[in-house]
Amino acid sequence: MSLPGWKQIPLGAVILKPGNSVEYKTGEWRTLRPEINQEKCIRCRTCWMFCPEGAILEVEEPYKTQAGKEYRLTYKVNYDHCKGCGICANECPVKAITMIEEAI
Amino acid sequence: MRALLGSVKALNGAEAVAYAVKQSNVDVISAYPITPQTIIVERLSEFVANGEIHAEYVNVESEHSALSTCMGAAAAGARTFTATSSQGLALMWELLYVTSGLRLPVVMAVVNRALSAPINIHCDHSDSIGARDSGWIQFYVENSQEAYDTVIQAFKIAEHSDIQLPVMVNLDGFHISHTLENVNILPDQVVSDFVGFRKPANVRVEYLGREVPAVLDGVTPISLGIIALSDYYYEFKMMLVDAIDKVKSVIKEVHNDYLKVSWRGYGDGLIDPYGVDGADIVLVIMGSAAGTVKYVVKKLLESGLRVGVLRLRTFRPFPYEEVVKVLSGVKVIGVMDRATSPGAYGAPLFNELRSALYDLDSRPTVVNFIYGIGGRDLEPLTVKRICEKLLEFGRGVKPASYVEYVGVRR
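Reading the values: rules and limits
Residues numbered from 1 in each chain as written. Chains lettered and ligands numbered in written order. Predicted model: local features only at pLDDT ≥ 70, side-chain atom pairs only at ≥ 80, totals over all residues. Helix = DSSP H or I, 4+ residues; strand = E, 2+ residues; numbered from the N terminus. Rg over C-alpha atoms; globule rule 2.2 N^0.38 Å. Buried ≥ 20, exposed ≤ 12 C-beta atoms within 10 Å, placed from the backbone. Contact = placed C-beta atoms within 7 Å. Domains from an automatic or database assignment. Nonpolar A, V, L, I, M, F, W, Y, C, P; charged D, E, K, R; others polar. Pairing = 2+ DSSP bridges. Axes fitted to C-alpha atoms, helices over the stretch in contact; angles between N-to-C directions. Expected span 1.5 Å × (residues − 1). Bend = angle between axes of the 7 residues up to and from the residue. Core = buried A, V, L, I, M, F, W, Y, C linked by C-beta atoms within 7 Å. Right-handed = clockwise from strand over helix to strand, strands pointing away. Parallel < 35°, antiparallel > 145°, perpendicular 65-115°, else oblique. Left-handed = near helix turned anticlockwise from the far one by under 90°.

S.K.: Help me out: how do you make sense of the overall build of chain A in this one?
M.R.: A count of helical and extended segments in chain A gives two helices and six strands. Along its sequence from the N terminus, chain A presents helices and strands in the succession β-α-β-β-β-β-α-β. For chain A, the C-alpha radius of gyration of 18 Å lies well beyond 13 Å, the compact-globule estimate for 104 residues. Over its C-alpha atoms, taken along the principal directions, chain A stretches across nearly 65 × 30 × 25 Å. Taking all 104 residues of chain A together, 14% fall into the buried category. Across chain A, contacts joining residues at least 24 apart in sequence account for 73% of those joining residues at least 6 apart.

Shown next as structure tokens:
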């Protein structure tokens with residue numbers, strides 16, 4: 001890919017298009033990945049609040065545990081942007097999130 | 001015609017700067033007091049408190065915050081002004097590069113003062129000369145009148161659509177800032193018409209399919225102060241280098257326009273030669289001491305010696321083409337620096353001037369005279385001795401040293 005020359009870039013290094021930081025996949029930095037155990041998860045939203053990257057997704061997807069408890073929501077991880085910091089796992093009150101080594 | 005040219009006021013250099021700012025439709029002023037700059041912000045805060053100007057005066061706890069405030073306001077489209085000296089400029093250091101990198105046309109008066117240690121409040125150029133690579137345009141004025149005129153011109157130069165760079169107007173601490181002079185003041189309306197109001201540069205936004213002002217206005221979101229690593233940083237620096245190269249023609253243009261409204265000019269706006277045509281020796285200098293040098297040179301010219309003085313009005317951009325043109329044919333040149341660069345071969349003005357003259361077919365003898373450090377007085381007799389020395393070099397005497405520290409006790 002050829003990048004633009006110095007006469008083709010905006011003055012003062014301003015970014016003109018909002019919301020394009022999603023194009024930067026910080027997930028590549030990760031060495032540990034969080035995995036949410038949907039059976040243990042109590043949908044308390046703590047991980048969602050603590051995630052510094054906004055990489056915990058709150059999805060409207062019903063889930064029924066083996067014990068029969070029904071939830072309207074499911075919490076998932078945006079692996080494109082999760083840097084693997086482990087804050088979610090540390091904060092989870094029911095230890096439903098485990099950090100697993102990334103494998104190739 | 002007289003009313004058109006305004007009035008005469010007894011002002012010191014600092015007050016002259018404040019008066020120019022007062023007349024220049026400034027939106028935001030933020031500064032922190034420091035000797036010898038304090039008078040500038042004192043007068044400006046009075047103007048704001050009295051309702052004489054409709055500007056925001058933001059009190060801050062440091063120079064770092066003062067320049068940050070101006071940057072933020074400038075990014076939102078405001079015309080901004082700040083002023084500082086010495087340690088204050090040193091504290092602004094990281095923001096100097098950010099201001100120029102973000103291409104924000106902030107205007108700052110720097111009342112030149114020596115840097116600590118030992119602590120000293122008097123004039124030398126070590127504060128602003130140290131900032132020469134920060135991407136700011138730098139003017140060095142000779143007197144209060146020029147300080148007034150240059151501040152007005154500075155807003156137009158900084159905000160020019162091809163430039164969009166910050167400007168530093170340097171005036172010598174105490175020699176200019178605290179010396180009362182009769183200053184010709186233009187009528188408010190003339191200055192207001194000359195500088196107008198700030199119009200931020202437009203930028204084309206592809207997803208909108210149109211041009212918008214490149215400011216933080218909340219309507220069309222843009223991000224400022226972004227990261228650019230090895231893939232983009234160099235290109236942004238190149239843009240800055242290119243912009244500051246264009247400044248020379250803009251300075252000449254604005255200087256010429258100002259000449260038409262004020263009937264006052266300083267050489268071509270970049271260099272101010274006096275007696276240089278046909279001179280055997282020329283002294284090159286910046287700042288208030290040029291007045292002393294001109295006084296001596298005038299006496300020597302009257303006694304039949306062919307002596308000239310070239311005062312540089314700008315150090316950034318360095319007017320190398322203009323300097324080479326004026327100095328080609330001169331046999332001996334003395335460069336007067338009011339700053340030291342410990343460990344370097346001579347001081348910055350000497351280095352840059354000598355380098356600019358290197359490509360001449362017949363190179364002149366160029367000698368550096370470092371003077372006035374920490375406010376040390378430069379007496380007319382010293383200037384006369386320097387001229388006599390240069391005339392000797394012109395007669396074929398080889399300089400014992402090409403870098404001389406004048407006025408220091410041994």
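S.K.: What's the story with the overall build of chain B in this structure? I'm lost.
M.R.: For chain B, the helix and strand inventory stands at 13 helices and 17 strands. Relative to its length of 410 residues, chain B is compact, with a C-alpha radius of gyration of 21 Å against a globular reference of 22 Å. The dimensions of chain B, computed from C-alpha atoms along their principal axes, are 70 × 50 × 45 Å. By the burial criterion, 51% of the 410 residues in chain B qualify as buried.

S.K.: How should I be thinking about the domain arrangement of chain B in this particular structure?
M.R.: Many structure descriptions define interface size as the accessible area lost when the parts assemble. Residue and element names in this part refer to chain B. Examined at the domain level, chain B breaks down into domain 1 (3-199 + 246-261) and domain 2 (271-405). In this structure, domain 1 and domain 2 have C-alpha centres spaced 27 Å apart. Taken residue by residue, the interface counts 22 residues in domain 1 and 21 residues in domain 2. Secondary structure elements with two or more residues in the side of domain 1 that touches domain 2: α6 (126-129), β6 (137-140) and α9 (233-262). Tallying contributions element by element places β6 first for the side of domain 1 that touches domain 2, with four residues. Looking at the side of domain 1 that touches domain 2 residue by residue, the classes come out as ten nonpolar, seven polar and five charged.

S.K.: Looking at this model, I keep getting lost on the sheet that holds strand β13 (residues 307-312) of chain B. Mind explaining?
M.R.: Residues and elements named next belong to chain B. The six strands lie next to each other as β11-β13-β12-β15-β16-β17, forming an open sheet whose pairing is mixed. Two strands lie at the open edges of the sheet, namely β11 (271-274) and β17 (403-405), each paired on one side alone. Taking each pair of neighbouring strands and ignoring which way they run, the sheet shows an average axis angle of 20°. One ladder, built from six bridges, connects strand β15 (residues 332-337) with strand β16 (residues 365-370); its direction is parallel. When the sheet's bridge partners are listed, Val332 is paired in β16 with Thr365. Packing against the sheet, helix α12 (residues 348-357) makes contact with β12 (281-285), β15 and β16, and its axis sits at approximately 150° to β15.

S.K.: Would you explain the sheet that holds strand β4 (residues 80-84) of chain B in this entry?
M.R.: Residue and element names in this part refer to chain B. Read across the sheet, seven strands follow the order β3-β2-β4-β5-β7-β6-β14 without closing on themselves; strand pairing throughout is mixed. Whereas interior strands pair on both sides, the edge strands pair on one side only; in this sheet they are β3 (56-59) and β14 (314-316). Neighbour to neighbour, the strand axes of the sheet diverge by 20° on average, direction disregarded. Pairing between strand β2 (residues 28-31) and β3: four bridges, direction parallel. By the bridge assignment, Ile29 is partnered in β3 with Tyr57. In the packing of helix α2 (residues 38-49) onto the sheet, the strands contacted are β2, β3, β4 and β5 (107-112), and the crossing angle to β3 comes to about 130°.

S.K.: What exactly am I supposed to notice about helix α7 (residues 144-159) of chain B here?
M.R.: An α-helix turns once per 3.6 residues; consequently, residues spaced three or four apart project the same way. Residues and elements named next belong to chain B. Its 16 residues give α7 an end-to-end C-alpha distance of 23 Å, which sits within 8% of 22 Å, the value for a rise of 1.5 Å per residue. Gln153 marks where α7 bends most, by close to 25°. Summarising burial for α7: 16 of the 16 residues are buried, a large majority.

S.K.: Please clarify how the environment of Glu322 of chain B should be interpreted in this entry.
M.R.: Residues and elements named next belong to chain B. Within the secondary structure layout, Glu322 lies in helix α11 (residues 320-327). Considered as a pair, Glu322 and Leu270 are 52 residues apart in the sequence and their alpha carbons are 8.0 Å apart. Filtering out sequence-adjacent residues up to four positions away, Glu322 remains in contact with Asp268, Leu270 and Ile271.

S.K.: Mind showing me how you'd approach the nonpolar core here?
M.R.: Most often, soluble globular proteins keep nonpolar side chains buried together rather than apart. In this structure, Val17, Val151, Val169, Val282 and Val284 of chain B are the most contacted members of the largest nonpolar core, which totals 129 residues. In this structure, this core is formed jointly by two domains, domain 1 (3-199 + 246-261) and domain 2 (271-405) of chain B, each of which donates at least three residues. Here Val169 of chain B is in contact with Val107, Ala109, Phe139, Val141, Ala147, Thr150, Val151 and Ala154 of chain B, once residues within four sequence places are set aside. Residues Cys47, Val77, Cys92 and Ala96 of chain A belong to the second largest nonpolar core, which totals eleven residues.

S.K.: Hey, could you run me through the pairing of β2 of chain B in this one?
M.R.: Consecutive side chains along a regular strand alternate between the two faces of the sheet. A two-sided burial pattern is seen for β2 of chain B, the buried positions comprising Val28 and Ser30 of chain B on one face and Ile29 and Ala31 of chain B on the other. For the crossover from β2 of chain B across α2 of chain B to β3 of chain B, the handedness is right-handed.

S.K.: Would you mind going over the packing of α7 of chain B against α9 of chain B with me for this structure?
M.R.: In helix packing, the relevant descriptors are the interaxial angle and the interaxial distance, both defined with respect to the helix axes. All names here are of chain B. In contact at an axis separation of 10 Å, α7 and α9 are set at 130° when each is read in the N-to-C sense. For the element pair α7 / α9, the angle class is oblique. In this structure, α7 meets α9 at a crossing whose hand is right-handed. Contacts between α7 and α9 involve Asp149, Ile152, Gln153, Lys156 and Ile157 on the former and, on the latter, Val247, Val250, Ile251, Val254, His255, Tyr258 and Ser262. A breakdown of the residues in the contact of α7 with α9 according to their chemical character gives seven nonpolar, three polar and two charged.

S.K.: Sorry if this is basic, but what is going on with unusual backbone geometry here?
M.R.: Backbone geometry follows two general trends: most residues other than glycine have a negative phi, and most peptide bonds adopt the trans configuration. A cis amide bond links Ser116 of chain B to the next residue, Ala117 of chain B, at an omega of -5°. Tracing the chain through its elements places Ala117 of chain B in the loop between β5 and α6. Although it is not a glycine, Arg43 of chain A sits at a positive phi angle of roughly 60°. Structurally, the position occupied by Arg43 of chain A is in the loop between β1 (32-36) and α1 (46-50). At Ser86 of chain B, a position not held by glycine, the phi torsion is positive, near 40°. Residue position: Ser86 of chain B is located in helix α4 (residues 86-91).

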